[in-house]
Amino acid sequence: MMSEKPLQASCADFRDGASAPGPVHSAQKDIAVTENEPLSRHTTLKLGGPAAKFALVESRRQLDGLIQNGGQLRIIGGGSNLLVRDDGVQGTVARLSGQEFNYIRQDGSCLKVGAATPLQHLVNTAAEMGLTGLEGLAGIPGTVGGAAACNAGTRDGALGDVIIRASVMELTGASGWIEASEMKFEYRRSSLKGSFVTDLELMLGRGRREEIAEKIAAIMKQRRASQPYGRRSAGCAFKNPPGDSAGRLIDAAGLKGFRIGGVSVSEVHANFFIAEKNAKSSDMLELIETVRERVNERFGTLLELEIEIW
Ligand SMILES: Cc1cc2nc3c(=O)[nH]c(=O)nc-3n(C[C@H](O)[C@H](O)[C@H](O)COP(=O)(O)OP(=O)(O)OC[C@H]3O[C@@H](n4cnc5c(N)ncnc54)[C@H](O)[C@@H]3O)c2cc1C
């Protein structure tokens, strides 16, 4: 249930006047919509066909207008967990941008953050503020909204661990704040998926800046050593099955370096699938299915996709 209940005391300042992001009543400029926008421009895999319509949304009012228009509406963040098919998607793809959705505000150990804020900007800003709890997200690309929808994280912690409230808009037209007790976060899954997240409130801990920075540096060093950093991917293709690692299974099935068309299983980390210049989404879909079949034949484990396919 959404509510406009008062916040818990430590975040109360966010509810006061100017600092609260409530509805915007001033005149809004028209929403920027492009037709047949290639989604390869908006994903880290740099693959996939166009969106019939692509809207850059700068205010809640514009987002509400798009919702009221009806029709199929999806939201994209940094496109870092997405594989878009070669023929693209029907309907409208919305991307939040601008000051109303890209901000970080502090009230003690509580941060209020806009959904379009780059996740790494949030991680680094919290570290500079001496706030701990986001270090496990160091190095994960994309936006705060995408990370909330996917419950992005690592074994060092996930975003859902620190979310205390989320402001959302629904396709039904309903909007408001959802309390942590009304949300569900599991391994790379969140009940926020399917809603349009516009703002989050996070409860962090107090820490020593140097220690937080050291932890982030260590995590980044580990990522650079163990992942194909700087290559075109959407992160881990599959979720880790309980008690095992998808990368270990793919490697043990002899699939490191395995290639189909312009895509291949990374030699560095077997759960990362890399796209090259001539890659197509159809190559990636075939690689995903082939790897899944081979791992299942060899170990009897049916891997579940972590990447989302549009
Ligand atoms: C090199 C690399 C490393 C990665 N490492 C990790 C890792 O360690 N851990 C991890 O969890 N992930 C990892 N990922 C995957 C990805 O970065 C995360 O899932 C990220 O949180 C996705 O955010 P995004 O903004 O890019 O979302 P997108 O890919 O744009 O969208 C993903 C989903 O979120 C939805 N969404 C986006 N914005 C919103 C919003 N405002 N409201 C509601 N729904 C929204 C979309 O509709 C879609 O369903 C990695 C990816 C790459 C490329």
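Further up the page is the structure itself.
Now for a quick tour of the structure. (Residues numbered from 1 in each chain as written. Predicted model: local features only at pLDDT ≥ 70, side-chain atom pairs only at ≥ 80, totals over all residues.)

**Some remarks on the overall build of the protein chain**
Our working rule: Strands are runs of DSSP state E lasting at least two residues, helices are runs of H or I lasting at least four, and both sets are numbered from the N terminus onward. Atoms considered for the radius of gyration are the C-alpha atoms alone. The globule rule reads 2.2 Å times the number of residues to the power 0.38. The burial criterion counts other C-beta atoms lying within 10 Å of a residue's C-beta, which is placed from the backbone; the residue is buried at 20 or more, exposed at 12 or fewer, and partly exposed between these limits.
In terms of helices and strands, the protein chain carries six helices and 20 strands. For 310 residues, the compact-globule estimate of 2.2 N^0.38 gives 19 Å, and the C-alpha radius of gyration of the protein chain, at 20 Å, lies within 12% of that figure. Its C-alpha atoms give the protein chain principal-axis dimensions of about 60 × 50 × 30 Å. Taken over 310 residues, the protein chain has a buried fraction of 39%.

**A few points about the sheet that holds strand β6 (residues 104-107)**
Going by this rule: Paired strands are those between which DSSP finds at least two bridges. For every element, the axis is a line fit to its C-alpha atoms; helices are fit only across the contacting stretch, and the angle between N-to-C directions ranges from 0 to 180 degrees.
Taken together, five strands build an open sheet; the order of strands is β6-β7-β15-β11-β12 and the sheet is antiparallel. This sheet does not close on itself; its edge strands, each paired only once, are β6 and β12 (175-179). Averaged over all pairs of adjacent strands, the angle between strand axes in this sheet comes to 15°, irrespective of strand direction. In this structure, β6 lies alongside strand β7 (residues 110-114), joined through four bridges in antiparallel fashion. Bridge pairing in β7 links Gln-106 to Leu-111.

**Here's the deal with the site of the ligand**
Heads up, the rule is: Only the C-beta atom matters for this test: placed from the backbone, it must lie within 6 Å of a molecule or strand for the residue to be near it. When residue character is reported, Ala, Val, Leu, Ile, Met, Phe, Trp, Tyr, Cys and Pro are called nonpolar, Asp, Glu, Lys and Arg charged, and the others, Gly included, polar.
As a structural note, the neighbourhood of the ligand is formed by 34 residues, with Gly-77, Gly-142, Gly-145, Gly-146 and Gly-235 the closest of them. Where the shell around the ligand is concerned, the elements lending two or more residues are β3 (73-76), α3 (144-150), β9 (153-154) and β15 (196-203). Sorting elements by how many residues they give to the shell around the ligand places α3 first, with five residues. Residues belonging to the shell around the ligand are distributed by class as follows: 15 nonpolar, 15 polar and four charged.

**Examining unusual backbone geometry**
Of note in this structure, Asn-36 is not a glycine but carries a positive phi near 50°. Take Asn-36: it is sitting in strand β1 (residues 32-38). For Asn-36, a count of 11 C-beta atoms within 10 Å puts it in the exposed group. Not every positive phi belongs to a glycine, and Arg-188 is a case in point at roughly 50°. As for its placement among the helices and strands, Arg-188 is situated in the loop between β13 (185-186) and β14 (189-190). Its 19 C-beta neighbours within 10 Å are what place Arg-188 among the partly exposed residues.

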